[in-house]
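Descriptive analysis of the structure
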Amino acid sequence: VTMGAAIAHLRHHDARRQELRLLVVGPRGAGKTALLAEFGHVATTLPARGFPVESVKCKNMSLIAWNTGLEQKCAPLSSHVYKSIHGLIYVVDSTDRERIGFARDEIARLVRDRNLRDSVLLVLANKQDLPNAMTVMEVAEGLGLHNVWQKQWSIQGACARTGNGVLEGLDWLEEALMSLEAS
């Protein structure tokens, strides 16, 4: 399954929703840009907070990636951005054992934000194709997902460059969002 096929699948998400807004976050170098590039042209802006924001729009979907890095920590995003988010995609580099603690702290910060209480979380454990990549279970443990995220969440091994594993993650995210709408 190619990344393009995964994106085409998500593009057909419930047409009743005016726009599906997903926030894509994760440490610099984790693969957020590679993930977004499969959607088409990536628009990059530099907001006042000082780090790039990449966005892609297609059909009923808008993905926004805040390109944060360890040295900057993830500056809190404005409440109006969080309030309009339906789901989070957290991309983590499965080979970066040194910064897994930073990723854990960033996810813990997201959990504490009251505006995200109804959001679902998909973690893409990216770069699974590389040698010395942590297993999906090691990434989940390193991020503390079982202890921290009390909402719906899933972790999926992936390779954003080739699309491997992404379709499965997007399928889960689509089902989770549809079940939230139904309740």
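The residue numbers shown here count from 1 along each chain, following its written sequence. Under the rules for a predicted model, residues below a pLDDT of 70 receive no local features and side-chain atom pairs below 80 are neither given nor counted, while totals for whole chains, interfaces and linings still include all residues. In computing side-chain properties, one takes all heavy atoms of the structure into account and sets aside hydrogens as well as water.

Here we take up the pattern of salt bridges. We define a salt bridge as a side-chain nitrogen of Lys or Arg found within 4 Å of a carboxyl oxygen belonging to Asp or Glu. Applying the stated criterion across every chain yields a total of three salt bridges. A salt bridge links D93 to K127; the shortest N-O distance between them is 3.2 Å. Of this pair, D93 sits in strand β5 (residues 87-93) while K127 sits in the loop between β6 (120-126) and α5 (136-143), placing them 34 residues apart in sequence. The partner of R99 in a salt bridge is D96, and the shortest N-O contact between them spans 2.7 Å. Strands here are runs of E lasting at least two residues and helices are runs of H or I lasting at least four, both read from the DSSP assignment and numbered beginning at the N terminus.

Burial classification: accessible surface area is computed with a 1.4 Å probe over protein chains only, and a residue below 20% of its type maximum counts as buried, one above 50% as exposed, and the rest as partly exposed. Of all seven residues making up β5, seven are buried, and the element is well covered by its neighbours. Burial of β5 is two-sided: the residues G87, I89, V91 and D93 facing one way and the residues L88, Y90 and V92 facing the other way are all buried. Strand pairing follows a simple DSSP-based rule, namely that at least 2 bridges must link the two strands. When β5 meets β6, the two strands line up parallel, connected through seven bridges. Opposite G87, over in β6, you have V120 as the bridge partner. Handedness of the β-α-β unit built from β5, helix α4 (residues 100-112) and β6 comes out right-handed. Handedness of a crossover is defined as follows: orient the strands so they point away from the viewer, and if the path from the first strand over the helix to the second runs clockwise, the crossover is right-handed.

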